Structure formats: structure tokens, C-alpha cells
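Single-letter residue listing:
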Amino acid sequence: MAAFSRLVRFLAKDGRTYYGDAILPRGATDISKATQAKIIKGEIFGKYDVTDQVADIRLLLAPLATEDAKTVRCLGLNYEQHAKESNMALPKYPILFYKPITSLAGPTDAIPVPPIAQSVPGLDYECELVAIIGKSCSDVSESSALDYVFGYSVGNDVSHREWQIQRGGSQWSLGKGFDGWAPYGPGIVSKDLIKDPQNLQITTKLNGKTVQESTTKDMLFGVAFTIAFLSQGTTLLPGDLIFTGTPPGVGMGRKPPLWLRDGDIVEVGLEGVGTCTNKVEFTKSKAKL
């Protein structure tokens with residue numbers, strides 16, 4: 001049974017949705033450039049087969065189907081310079097918060113901004129390495145933690161600073177958990193291809209201009225330590241996603257602040273994985289409180 005290299009979930013030109021192993025153009029490493037994939041049959045976290053059947057990709061979707069994705073965990077202030085630009089103390093332990101599964105979105109989906117998040121400025125971007133758990137684990141050691149990784153993606157921890165900080169009552173999830181505020185992808189690169197998740201370039205572009213540019217080696221708490229820490233007394237499940245924090249350069253840390261606006265194009269990229277390109281779309285009210 002062949003294992004995948006670059007897992008994608010996609011809408012094919014035949015109108016059906018498949019899991020597949022992306023076929024990249026010669027010399028390319030960005031999964032978003034794939035136009036074909038070998039169809040995968042079976043259970044993605046169980047027994048599956050990468051077939052020789054090739055399908056044309058019409059649209060890349062969120063890498064995991066809703067029924068396959070589990071808990072979305074996120075780390076705050078996991079890069080020293082980001083903590084400093086946020087005027088917050090360096091954490092002694094990983095700062096954990098959660099996003100609802102409804103925040104997950106695909107690599108080209110719009111970022112919907114509801115009226116409640118339009119009333120005051122504060123809409124921000126955060127590029128992040130996303131680690132996906134592939135096997136159940138609890139109380140694992142740091143030295144064995146990466147054995148439980150399924151693969152890696154890049155994600156955008158979209159945030160509204162007013163609702164996160166000033167109006168969140170010290171809980172961050174409200175300002176980070178709106179529908180579609182965790183786009184990720186463009187696929188999942190196998191841990192067999194990314195041996196060292198702490199040696200990857202990570203970037204954000206806003207309307208074509210680079211606003212974040214760093215490396216995952218600058219994390220305060222690396223992926224292996226984070227998984228080991230989060231698994232203490234807690235079972236991590238296949239399909240759990242861990243957004244591992246953002247480097248400096250966010251809009252909040254700039255003078256004056258650089259807030260996202262309706263129509264902005266945000267690209268988050270991770271070396272060896274690829275890019276997610278999402279357009280900010282202010283939505284209209286459906287109902288009044």
C-alpha cells in the first residue's frame with residue numbers, strides 16, 4: 001500500500017469530490033499549482049490506496065472533509081517577536097485556544113466577515129504552520145511526538161483584535177472563531193517529505209506585498225514539544241489540527257495598524273507545502289440580535 005506524498009481533497013472536472021495524491025508540475029513544490037492527482041480510495045486515517053487513476057483538478061478544497069477533521073487547537077504568542085509586537089509577555093508554557101470546526105475553510109475560499117466583525121476595525125491575518133495528527137496518542141514524549149504526525153499544511157488564523165482582546169473577556173476564541181476564519185491547505189504534505197518542521201520559510205502577502213516573512217525555527221515551542229505538551233493527560237485524535245502560532249508582521253503590530261479590508265487578497269505560504277490565497281468578503285446581515 002503506497003502512502004501519499006501530498007494529500008489533496010478536490011472537486012474534479014467530472015463533478016465528483018475525491019481525496020488524491022497531488023501530481024506537481026516538474027520543479028514545483030507548491031501544491032496549489034497541481035492540476036491533476038492520483039485518486040485515493042479507502043479511509044484516509046485507516047487503510048487506503050493511492051491508485052493509478054488520475055483525475056483533473058477543478059478546485060482544491062479544504063484538505064480534510066468535515067467528517068475527517070476533529071479538534072482545531074491553536075497556539076498564541078509562539079514566536080518571540082510576535083509576542084513583543086503584541087506588547088505581551090513571553091509565555092512560559094504554550095498558550096492554547098480553540099477554533100470551532102466551522103472555522104475551517106479551503107485554500108481558495110473567501111474569508112467571510114460577518115457584520116459583527118465589521119462594526120469596528122481590527123481584522124488581521126496570521127500565517128501559521130498547521131500540524132495534522134495521524135494516530136491517536138496521549139502522554140507522548142517529545143522525542144517520539146513527530147511519529148504521530150500525519151502531515152503539514154499552512155493556514156491563516158484570521159483574527160479580529162477588538163473581539164479577541166478588548167471584547168473577548170480574556171478568551172480569544174470569539175475574535176478568532178467565525179465561520180471560515182481558519183483557511184488552510186493547499187494540501188497536506190506527508191511527514192516523510194518534511195523531516196524537520198522547524199526549518200521552513202513562512203510568509204504572508206497582502207495584495208501582493210509581503211507583510212510576514214520568517215522561519216519556523218523561531219518558534220518558542222516547536223512542533224514536537226507542542227504535541228508532547230498537548231498530549232499530557234489529553235488524547236489527540238487522527239484529524240486533530242494544530243495551528244502552531246504566527247511570526248511577527250501582523251497588522252496589529254504595525255504603526256499605524258494594517259487592518260484587512262473588504263476585497264483584500266491574503267496569501268499565506270509555507271516552504272515545501274504551498275500557498276493559500278483567500279479574498280476578504282464582508283457579508284450582509286441575515287438576522288438581527
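Because the structure is predicted, anything quoted here is derived from the model rather than measured.

**Digging into the packing of aromatic side chains**
The full count for this structure, using the stated rule, is nine aromatic pairs. Residues phenylalanine 97 and tryptophan 172 carry aromatic rings whose centres are separated by 5.6 Å and whose planes lie at 65° to one another, so their mutual orientation is edge-to-face. Within this pair, whereas phenylalanine 97 is found in strand β6 (residues 95-99), its partner tryptophan 172 is found in the loop between α2 (161-166) and β13 (182-190), the two being separated by 75 residues in sequence. Classification of phenylalanine 97 as buried rests on a relative accessible area of 6%. Sitting over the ring of tyrosine 148, lysine 135 keeps its end group 5.1 Å from the ring centre. The residue whose ring lies beneath arginine 167 is tryptophan 163, and the NZ or CZ to ring-centre distance is 4.9 Å.

**Comments concerning empty space enclosed by the protein**
All chains considered together, the criterion is met by one cavity of 30 Å³ or more. Estimated volume of the largest cavity: approximately 80 Å³. Along the walls of the largest cavity sit 16 residues, with Leu77, His82, Glu126, Gln164 and Trp172 positioned nearest its centre. In the lining of the largest cavity, the residues fall into six nonpolar, six polar and four charged.

**Re the layout of surface pockets**
The rolling of a water-molecule-sized probe over the atoms marks out the regions of remaining empty space. Roughly 270 Å³ of volume is contained in the second largest pocket. Ala3, Phe4, Ile44, Tyr48 and Phe150 are the residues nearest the centre of the second largest pocket, which is lined by 17 residues in total. Of the residues belonging to the lining of the second largest pocket, the class tally is ten nonpolar, three polar and four charged.

**As for the environment of valine 223**
Tracing the backbone through its elements, the reader meets valine 223 in helix α3 (residues 223-230). Placed 134 residues apart in sequence, valine 223 and alanine 89 show a C-alpha to C-alpha distance of 21 Å. With residues up to four places along the chain from it excluded, the contact list for valine 223 reads Leu129, Ala131, Leu146, Tyr152, Pro197, Gln198 and Thr244.

**Quick notes on α3**
Counting buried positions over the eight residues of α3 gives six, a clear majority of the element. Those residues of α3 not exposed but buried are Val223, Ala224, Thr226, Ile227, Ala228 and Leu230. Along its buried surface, α3 packs onto β5 (72-76), β6, β10 (127-133), β11 (149-156) and β16 (241-243).

**Quick word on unusual backbone geometry**
Residue proline 186 is bonded to the preceding glycine 185 through a cis peptide linkage, with omega at -10°. Position of proline 186 relative to the elements: it lies in strand β13. Look at leucine 77: it is not a glycine, yet its phi comes out positive at around 55°. Its place among the elements puts leucine 77 in the loop between β5 and α1 (80-85).

**Here's the deal with the nonpolar core**
Buried together is how nonpolar side chains tend to be arranged in soluble globular proteins. Judged by nonpolar contacts, the single largest core of 53 residues is most densely connected at Phe10, Leu129, Trp181 and Ile227. Broken down by element, this core gets its largest block of residues, five residues, from α3. Aside from chain neighbours lying at most four places away, what touches isoleucine 227 is Ile133, Val140, Ala145, Val149, Leu236 and Ile242. Core analysis: the second largest hydrophobic core is formed by 26 residues, Ile40, Ala65, Phe97 and Phe243 among them.

Scoring rules and cut-offs
Residues numbered from 1 in each chain as written. Predicted model: local features only at pLDDT ≥ 70, side-chain atom pairs only at ≥ 80, totals over all residues. Heavy atoms only, no water. Phe/Tyr/Trp six-rings, centres within 6.5 Å; stacked < 30°, edge-to-face > 60°. Helix = DSSP H or I, 4+ residues; strand = E, 2+ residues; numbered from the N terminus. Buried < 20%, exposed > 50% of the residue type's maximum accessible area, 1.4 Å probe, protein only. Lys NZ or Arg CZ within 6 Å of the ring centre and 35° of its normal. 1 Å grid on protein atoms, 1.4 Å probe; cavity = no way out; pocket = protein on both sides within 12 Å on 5 of 7 lines; lining within 4 Å. Points joined across faces, edges and corners; volume = space filled by probe spheres on them. Nonpolar A, V, L, I, M, F, W, Y, C, P; charged D, E, K, R; others polar. Contact = heavy atoms within 4.5 Å. Core = buried A, V, L, I, M, F, W, Y, C linked by side-chain atoms within 4.5 Å.

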